[in-house]
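Summary of the model geometry
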Amino acid sequence: LESFIDLIRGYFDQQGMHMQFNVVDRATLLDAQKHPEKYSGFAFGMGLERIALLKGSGCKLYNANGQTLLTSLKAGGNGYSGIMANFHPDLLAWLFNNYQTKPEEAEHLSAILSMASFTESPAYPCTAKYYLQLEGIPMETYARSADEKAVTAYQKEVMGQLYHLNEQLRKYYY
């Protein structure tokens with residue numbers, strides 16, 4: 001138990017922002033290894049199993065992972081709820097509205113947005129607020145959940161690069 005607590009503390013000490021646990025007993029876990037088809041409703045995958053589980057239920061899945069967004073949309077996901085929507089909501093909307101009718105362009109944009117997702121930093125949401133300033137939206141970078149002083153010159157440079165990338169993508173896709 002102490003090792004588990006240390007793992008959680010270490011994750012959040014490194015500015016981790018979200019953690020999910022699936023609690024099952026040992027017998028269930030061993031059976032899931034032998035018979036994975038019986039356990040498709042558990043959150044053991046990247047969301048596709050969850051989409052299948054939700055079909056016909058009236059519930060909808062909004063993916064929060066930029067790297068798997070297009071895959072989840074193709075599988076029946078309903079949209080995106082990740083933090084990268086702070087950086088390029090219009091491009092994510094284009095992807096959502098066009099992935100079926102313009103699949104090659106959607107694959108291209110998805111690959112670029114997937115890589116852009118790696119610009120997320122421990123100083124989020126301060127970095128998002130800094131980015132929105134670059135977009136011309138006046139706001140402070142203060143946040144309750146992160147120290148705005150943690151936004152380094154490097155992170156500002158990365159946000160500037162993301163801003164310029166998004167400008168070029170908007171010219172291409174709009």
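The structure contained in this document is the topic of the report that follows.

Here the focus is the overall build of the protein chain. Along the protein chain, the regular secondary structure elements total eight helices and two strands. Helices and strands in the protein chain line up, N terminus first, as α-α-α-β-α-β-α-α-α-α. In the protein chain, buried positions account for 34% of the 174 residues. Look at the contacts in the protein chain between residues 6 or more apart in sequence, and 49% of them connect residues 24 or more apart. Accessible area of the protein chain: about 11,300 Å², with a carbon and sulfur share of 56%.

With that settled, the discussion passes to the environment of Gln-100. Tracing the backbone shows Gln-100 in the loop between α5 (89-98) and α6 (103-116). The exposure class of Gln-100 is exposed, given its relative accessible area of 65%. Remark: the alpha-carbon pair of Gln-100 and Leu-73, spanning 27 residues in sequence, is separated by 9.3 Å.

Let's shift gears to α5. Residues Leu-91, Leu-92, Trp-94, Leu-95 and Asn-98 constitute the buried set of α5. For α5, the angular spread of buried residues about the axis comes to 155 degrees, placing them on one side. Buried residues along α5 sit against α4 (69-74), β2 (79-80), α6 and α8 (153-173).

Definitions and cut-offs
Residues numbered from 1 in each chain as written. Predicted model: local features only at pLDDT ≥ 70, side-chain atom pairs only at ≥ 80, totals over all residues. Heavy atoms only, no water. Helix = DSSP H or I, 4+ residues; strand = E, 2+ residues; numbered from the N terminus. Buried < 20%, exposed > 50% of the residue type's maximum accessible area, 1.4 Å probe, protein only. Contact = heavy atoms within 4.5 Å. Areas by Shrake-Rupley, 256 points an atom, 1.4 Å probe, with all protein chains shown as cover. Arc of directions from axis to C-beta.

Keep in mind these values describe shape, not function.
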